[in-house]
Amino acid sequence: MAKSKIIKDLANSTVDTMTALKRAKVLLSESDNQEVNNWINYEIGGYPTGVTLPDYRLVRGNLFGSYFKGSMVSHMTWTNVSIPLGKMPDDLQETLLQVELRESVDSLKKVAENSAAKDAQPGKVIPADFYPIIAKYNNDPYMMITSARVIFGEQCITNVFAAIENRLLDILILLEKKFGILDELDIDVTSKGPEELQDIAEKIILIIYHDQSVTIGDNNKIKDSTIASTIE
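Residues numbered from 1 in each chain as written. Predicted model: local features only at pLDDT ≥ 70, side-chain atom pairs only at ≥ 80, totals over all residues. Heavy atoms only, no water.

Draft legend 1. How the structure looks around the overall build of the chain. Summing up its helical and strand segments, the chain has eight helices and six strands in all. When the helices and strands of the chain are read in sequence order from the N terminus, they spell out α-α-α-β-β-β-α-β-α-β-α-β-α-α. Residues classed as buried in the chain amount to 44% of the 232 residues present. The contacts of the chain with a sequence gap of at least 6 include a subset with a gap of at least 24, amounting to 74%. (Helix = DSSP H or I, 4+ residues; strand = E, 2+ residues; numbered from the N terminus. Buried < 20%, exposed > 50% of the residue type's maximum accessible area, 1.4 Å probe, protein only. Contact = heavy atoms within 4.5 Å.)

Draft legend 2. Here's a closer look at the packing of aromatic side chains. Within the structure shown, the criterion is met by two aromatic pairs. Ring centres 5.2 Å apart and planes at 40 degrees place the aromatic pair Tyr42 and Tyr47 in the tilted group. Accessibility assignment for this pair places Tyr42 and Tyr47 in one class, buried. When the centroid spacing of 5.1 Å and the interplanar angle of 15 degrees are considered together, the rings of Tyr67 and Trp78 count as stacked. Pair noted here: Tyr67 is in strand β2 (residues 62-70) and Trp78 is in strand β3 (residues 75-82), with a separation of eleven residues, a long-range link. On the basis of relative accessible area, Tyr67 is assigned to the buried category, the value being 8%. For Lys69, the ring lying beneath its charged end belongs to Trp78, and the centroid distance is 5.8 Å. Positioned over the ring face of Phe179 is Lys192, at 5.6 Å from the centre of the ring. (Phe/Tyr/Trp six-rings, centres within 6.5 Å; stacked < 30°, edge-to-face > 60°. Lys NZ or Arg CZ within 6 Å of the ring centre and 35° of its normal.)

Draft legend 3. Just helix α5 (residues 105-118), in detail. The end-to-end C-alpha distance of α5, which contains 14 residues, comes to 20 Å, matching closely the 20 Å that a straight helix rising 1.5 Å per residue would cover. Buried residues of α5: Val105, Leu108, Val111, Ala112 and Ser115, and no others. Projected down its long axis, α5 carries its buried residues within an arc of 115 degrees, all on one side. Seen from the open side of α5, the exposed residues pointing more than 90 degrees away from its buried face are Lys110, Ala117 and Lys118. Taken together, the buried residues of α5 touch α2 (17-28), α3 (34-45) and α7 (155-179). At the exit of α5 stands Asp119, carrying a positive phi of roughly 55 degrees. (Expected span 1.5 Å × (residues − 1). Arc of directions from axis to C-beta.)

Draft legend 4. Focus on the sheet that holds β3. If you walk across this open sheet you meet the four strands as β3-β2-β6-β5, and the pairing is antiparallel. Two strands lie at the open edges of the sheet, namely β3 and β5 (123-125), each paired on one side alone. Between one strand axis and the next, the sheet turns by 15 degrees as a mean value, whatever way the strands run. As paired strands, β5 and strand β6 (residues 143-151) are joined by three bridges and run antiparallel to one another. The residue bridging Lys124 from the neighbouring strand is Val150, located in β6. Along the sheet face, helix α4 (residues 90-97) touches β2, β5 and β6 and points at about 105 degrees away from the line of β2. (Pairing = 2+ DSSP bridges. Axes fitted to C-alpha atoms, helices over the stretch in contact; angles between N-to-C directions.)

Draft legend 5. Inspection of unusual backbone geometry at higher detail. Of note in this structure, Asn139 is not a glycine but carries a positive phi near 55 degrees. Relative to the elements of secondary structure, Asn139 occurs in the loop between α6 (131-137) and β6. What makes Asn139 exposed here is its relative accessible area of 69%. Here the phi dihedral of Leu185 falls at roughly 55 degrees; this positive angle occurs in a residue that is not glycine. Residue position: Leu185 is located in the loop between α7 and α8 (194-209).

Draft legend 6. Fine view of the pattern of salt bridges. Going through the model one piece at a time under the given rule, you end up with nine salt bridges. Among the ionic pairs, Glu196 bridges to Lys192, the shortest N-O distance being 3.6 Å. In this structure, the salt-bridge partner of Lys203 is Asp199, at a minimum N-O distance of 2.6 Å. Residue Lys203 and its partner Asp199 are both found in helix α8; the two are separated by four residues, about one turn of the helix. Residue classification places Lys203 among the partly exposed residues on the basis of a relative accessible area of 35%. A cluster of three or more residues bridged by salt bridges with shared partners is formed by Lys5, Asp9 and Arg23. (Salt bridge = Lys/Arg side-chain N within 4 Å of Asp/Glu carboxyl O.)

This is how it looks when you write it as structure tokens:
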């Protein structure tokens, strides 16, 4: 059973995710492992464009919006409805419907709170230059889209927090096993040799990414897309 108060506080939800991340940052500041420190910094401050996201920060949403069919004089209008994707190829659907949650944990928390206050689901806005492509794959030249968003449930944001906290718990438990009680927010890395420190770092990276063959801070990049990814 864990003995460190820092672990018990996180397990009992006595501290929030941001506080737990900051404590982990202090603990790992002497580890000199850039990949691990980058993960913590990105969770605290947000992931820059081009940096590979952990899988728990990628969610798939549904396309909703408004459109009309017919002429400006005579037409039928659909408002805030599910927009069909027709025969759009699977890879393009994935690009369209995937939402990248690059925001910091504090920003994500505010997005969830704002969505709850407005009784509206969070999502990303689809730029107008993509509307004709959607109509094309519906094989409907009379389909005129006026607005479109990819929306997702608030539970997706809750799942991000759960994933971060679960990883932090596993990391802290590992550090306690290797270095003892962590409540002073200090670990003596000089007590371990280079090979053991490297082994610990690799275990932490495996905890963060699970089965993903990804290292934070390298040149790995998610496929570039012109579709907006900022959520609101």
